[in-house]
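Tertiary structure, described
Below are the chains, spelled out letter by letter.
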Amino acid sequence: VKHIVELVNRRVFIQTGESKSDKKHIKEAIVFVTIYESASPLLKSYKIKNLSLVVVDEAHLTQSSGIDIEDQSRSYQISGNLYDVFNIIKNNSNCRLVFLTGTINPTSAANMTEFLNKRFKRNFPKGRTGISTAPASAGNRSLLSVVVNESIRTDEGIVRNIERSVRQNDWGQLYVLFSTAGIANIVEMCIKNIGIRNIESRSSQGYEPGNVFSGLGKNRQGVGSIKLDDLDRLGIPRGMQMIVANITNPLLRQSVLRGVGFIHRKIPDDRFRDQRKLKMDDNDKMIVAKLFRERKLNVLLATDAVGIGVNIDVKELYIPSLNKFNKAVKGHVESSLRDLSQILNRAGRGATPIASIQTPRENVEMVNNALNANPDDFPVVGV
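Residues numbered from 1 in each chain as written. Predicted model: local features only at pLDDT ≥ 70, side-chain atom pairs only at ≥ 80, totals over all residues. Heavy atoms only, no water.

**Considerations on the sheet that holds strand β7 (residues 260–263)**
If you trace the six strands from one edge of the open sheet to the other, you get β5-β12-β9-β6-β8-β7, paired in parallel fashion. Each end of this open sheet is capped by a strand with a single partner; those strands are β5 (143–148) and β7. Each neighbouring strand pair of the sheet contributes to a mean axis angle of 20°, computed without reference to strand direction. As paired elements, strand β6 (residues 173–176) and strand β9 (residues 316–318) share three bridges and run parallel to each other. (Pairing = 2+ DSSP bridges. Helix = DSSP H or I, 4+ residues; strand = E, 2+ residues; numbered from the N terminus. Axes fitted to C-alpha atoms, helices over the stretch in contact; angles between N-to-C directions.)

**Concerning the environment of Q173**
With respect to the element layout, Q173 can be found in strand β6. Taking the C-alpha atoms as reference points, Q173 and V299, 126 residues apart in sequence, are found 4.7 Å from one another. With residues near it in sequence (within four places) discarded, Q173 still touches S165, F292, N298, V299, L300, K315, E316 and Y318. For Q173, the side chain forms a polar contact with the side chain of D170, separated by 3.3 Å. (Contact = heavy atoms within 4.5 Å. Polar contact = N/O pair within 3.5 Å; in protein donor to acceptor, adjacent residues only side chain to side chain.)

**Considering the packing of aromatic side chains**
Applying the stated criterion to the full structure yields eight aromatic pairs. Arranged with centres 5.4 Å apart and planes meeting at 70°, the rings of F86 and F120 form a pair that is edge-to-face. Placement of F86 in helix α5 (residues 74–89) and of F120 in helix α6 (residues 106–120) is noted, with a sequence separation of 34 residues between them. Judged by relative accessible area, F120 falls into the buried class, the value being 3%. Three or more aromatic residues joined by ring pairs form one cluster here, namely Y83, F86, F99, F115 and F120. Over the ring of F120 we find R119, and its NZ or CZ is 4.9 Å from the ring centre. We note R295 situated over the ring of W171; from NZ or CZ to the ring centre the distance is 3.7 Å. (Phe/Tyr/Trp six-rings, centres within 6.5 Å; stacked < 30°, edge-to-face > 60°. Buried < 20%, exposed > 50% of the residue type's maximum accessible area, 1.4 Å probe, protein only. Lys NZ or Arg CZ within 6 Å of the ring centre and 35° of its normal.)

**Quick word on helix α12 (residues 337–344)**
For α12, the tally of buried residues reaches eight of eight residues, placing the bulk of the element in the interior. Residues of α12 that are buried include every one of L337, R338, D339, L340, S341, Q342, I343 and L344, and no others.

**Re the pairing of strand β12 (residues 354–359)**
With five of six residues buried, β12 is to be regarded as a mostly interior element. Where β5 and β12 come together, six bridges link them in parallel fashion. Residue pairing for β12: S145 is matched across the bridge by S356. Sheet analysis places β9 next to β12, joined by three bridges and oriented parallel. From the neighbouring strand, Y318 faces β12, where its bridge partner is Q358.

**Quick word on the packing of helix α7 (residues 155–167) against helix α8 (residues 180–193)**
Between α7 and α8, the least distance of the axes is 10 Å, while the angle of their chain directions is 50°. Classified by the angle between their axes, α7 and α8 sit oblique to one another. In this structure, α7 meets α8 at a crossing whose hand is right-handed. Between α7, through D155, E156, I158, V159, I162, E163 and R167, and α8, the contact on the second element is made entirely by N185, I186, M189, C190 and N193. When the residues that make up the contact of α7 with α8 are grouped by side-chain class, the tally is six nonpolar, two polar and four charged. (Parallel < 35°, antiparallel > 145°, perpendicular 65-115°, else oblique. Left-handed = near helix turned anticlockwise from the far one by under 90°. Nonpolar A, V, L, I, M, F, W, Y, C, P; charged D, E, K, R; others polar.)

**Structural notes on α7**
Look at α7: 18 Å from first C-alpha to last across 13 residues, which is about the 18 Å you get at 1.5 Å a residue. Considered for burial, the residues of α7 that qualify are G157, I158, V159, N161, I162, E163, S165 and V166. On its buried face, α7 sits against β6, α8, β7 and β8 (299–302). Looking one or two residues past α7, N169 carries a phi angle of roughly 55°, positive in sign. (Expected span 1.5 Å × (residues − 1).)

**Here's the deal with the environment of L143**
Residue placement: L143 occurs in strand β5. Put simply, L143 and S356 are 213 residues apart on the chain and 8.2 Å apart in space, counted from C-alpha to C-alpha. Ignoring sequence-local partners within four residues, the contact set of L143 consists of P353, I354 and A355.

**A word on the packing of α12 against helix α13 (residues 364–372)**
Between α12 and α13, whose axes approach to 8 Å, the crossing angle comes to 80°. The angle between α12 and α13 falls in the class roughly perpendicular. From α12, L337, L340, S341 and L344 reach across to α13, where they touch M366, V367, N369, A370 and L371. Looking at the contact of α12 with α13, its residues break down into seven nonpolar, two polar and no charged.

**Considering unusual backbone geometry**
The phi angle at E58 is positive, at roughly 50°, despite the residue not being glycine. Following the sequence through the fold, E58 ends up in the loop between β3 (53–56) and α4 (68–71). You will see that R295, though not glycine, has its phi angle at about 65°, which is positive. Relative accessible area serves as the criterion here: at 41%, R295 is assigned to the partly exposed category.

**Side note on the nonpolar core**
By size, the foremost hydrophobic cluster in this structure holds 59 residues, and its most contacted members are I162 and L301. Among the elements that line this core, the one with the most residues is α8, at six residues. Non-local contacts of I162, meaning those with residues more than four positions away in its chain, are made with Y175, I186, C190, I194, V260, V299 and L301. Judged by nonpolar contacts, the second largest core, of 28 residues, contains F13, A39, L82 and F86. (Core = buried A, V, L, I, M, F, W, Y, C linked by side-chain atoms within 4.5 Å.)

See the structure below:
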């Protein structure tokens, strides 16, 4: 088995950021897995030739949504990177393109194929006949229920819920908030109410050796005032010592040691003065997602960035509000049906037989509409 794993690792090259690439590894690889931002530089820098297949996930992001906050942010950035890739391979008639998306109107998909045929010399079948629809069994494999939860209307209520999850060592709690400022406030309250003693220091690992973990949860090390040796004095759960030491964001490092993590992207006009506290690099995001998947974190706080490219298991998804800031109208508007469907279906997915989505009562109708939406229900958008 060890030799098989080594062989697969040599043949698969994965790049998820701007880290320095191993040229020898690239030369041996036959499969490349990248995020959108890494794909084009990889193809250009290392002149990878003879590609036979390119698979694009979340393909709806190649189109404008008609919502300014989306088109000028994440979707806009991703589509730019994808079009760079298309330009590189457009003269390679042997390279097949496969687009995957669960949130696109079939008419929009047909419009996109027509555009790609003209612009990039492809030969996708025209019209709706070229669009393949997955069977119903390909949907969310967990039984999803929508639960009215009025306690998450305030930051204080959210913190109380998080404390309970951590103390009971419950796993899989995802809170989606459309505000980095809101995430920062909740995380700082959690740090005050839960866990680790002493504050960040200037030692090489980021903590003084005298720090003591609170011992919350059955899988945690260290209880009360017990002091441990070496790096274990940080009270980090087994297997997390080096991972936590590699986190660059000081607020994230503190929150992770309390069973709480966060992932975010900048939201236009998000009124949070100290952006340094929440500055995250790609490595931090990967660490948080890994710890959450491995159930070493009980709770994850995230903006709508969690709807794209984040592989996590979610048992309970909390969404206090469906509104986010739209700079076009200089105010808050309700999230689009497409984006909401993308976010809400992060819950379950077979990770647990039953999953719940919890939200205040006024959001229940929209949440149900997003969960039950099929491709024809999504608005038609342009390329």
